[in-house]
Amino acid sequence: MGTANRTTPEAAHHIPQFLSDENMERLTQIMYPKKAAAGDYLFWEGDTSDKLYYVHKGTVKLSKSTEDGKAFILQVAQPGDLFGEFGSCEPQSYGYDGIVMEDASLGVILIKDLEVLIWKHGDMALQLLKWMSQMQRFMQSKFRDLLLFGKNGALASTLIRLTNSYGEKDERGIRITLKLTHTDLANMIGSTREVVNRMLSEYKAAGAIESENGRFVVTNLSFFQAMVRCAECPLDVCRI
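The paragraphs below set out a description of the structure included in this document. (Residues numbered from 1 in each chain as written. Predicted model: local features only at pLDDT ≥ 70, side-chain atom pairs only at ≥ 80, totals over all residues. Heavy atoms only, no water.)

Moving on, we come to the packing of aromatic side chains. Applying the stated criterion across every chain, the model contains 12 aromatic pairs. Look at Tyr 203 and Phe 223: their rings are 5.9 Å apart centre to centre, the planes differ by 70°, and that puts the pair in the edge-to-face class. In this pair, Tyr 203 sits in helix 6 (residues 193-205) while Phe 223 sits in helix 7 (residues 221-227), placing the two residues 20 residues apart along the sequence. Take Tyr 203: its relative accessible area is 2%, and that puts it in the buried class. You can call Phe 223 partly exposed: its relative accessible area is 27%. (Phe/Tyr/Trp six-rings, centres within 6.5 Å; stacked < 30°, edge-to-face > 60°. Helix = DSSP H or I, 4+ residues; strand = E, 2+ residues; numbered from the N terminus. Buried < 20%, exposed > 50% of the residue type's maximum accessible area, 1.4 Å probe, protein only.)

Structure (structure tokens):
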């Protein structure tokens, strides 16, 4: 079984630890430490999925490309997240690209090592199933908003999720600390930069959002919640 130098994950906001402290300790012991710079690819869509990644620090976007070259960001993994393909008896491949957005410190977990842990500690299997179920709920809620409320609703939902994942309150409202371009937002909702530019201009005119130095400040969260009939989902589901 592989071993690694012990590293301690930093606390993650709104991401509950899916493993018990004991099992998290065991998982940490088999992680290989990895540093990655913004713009690095951890893997490409179609690569063999023989490892999982745990985020200690930084952010990683999981992006799906279409045949015509468009990109769709499925998830932005942040500290406390575990991602990768896991759960099949057959060899799997990644169904998306893993691209570092902000310089990251990661724990790399070989699937073969994880399988040994699960074999030795049956309760870990149940906890990993709960993690997989949680991620399924998260993806279902995201696609629900994308499909039911149109582009405006999709962008509103994305901004709400960003405030939950990367929001810091200030005198104007909620500042989103993750630096995003209009193209990033477009890729999060399956749209174009031009459409996102237009919608953001409308939101600014309505006094619901501001921007400065590449970061957004949501000044009227209720404005966006009304657009998607926000049901105040748990924060581990309503996240980016």
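Next comes the rest of the write-up.
Right, let's talk about the sheet that holds strand 7 (residues 167-170) for a bit. With antiparallel pairing, 4 strands are arranged side by side in an open sheet as 7-8-10-9. Looking at which strands have only one partner, the edges of the open sheet turn out to be strand 7 and strand 9 (209-212). Between one strand and the next, the sheet's axes are offset by a mean angle of 30°, whatever the strand orientation. Judged from the 2 bridges that link them, strand 8 (residues 173-176) and strand 10 (residues 215-218) form a sheet pairing that is antiparallel. Following the sheet pairing, Ile 174 is matched in strand 10 by Val 218. Against the sheet, helix 4 (residues 150-166) engages strand 7, strand 8, strand 9 and strand 10, with an angle of about 80° to strand 8. (Pairing = 2+ DSSP bridges. Axes fitted to C-alpha atoms, helices over the stretch in contact; angles between N-to-C directions. Contact = heavy atoms within 4.5 Å.)

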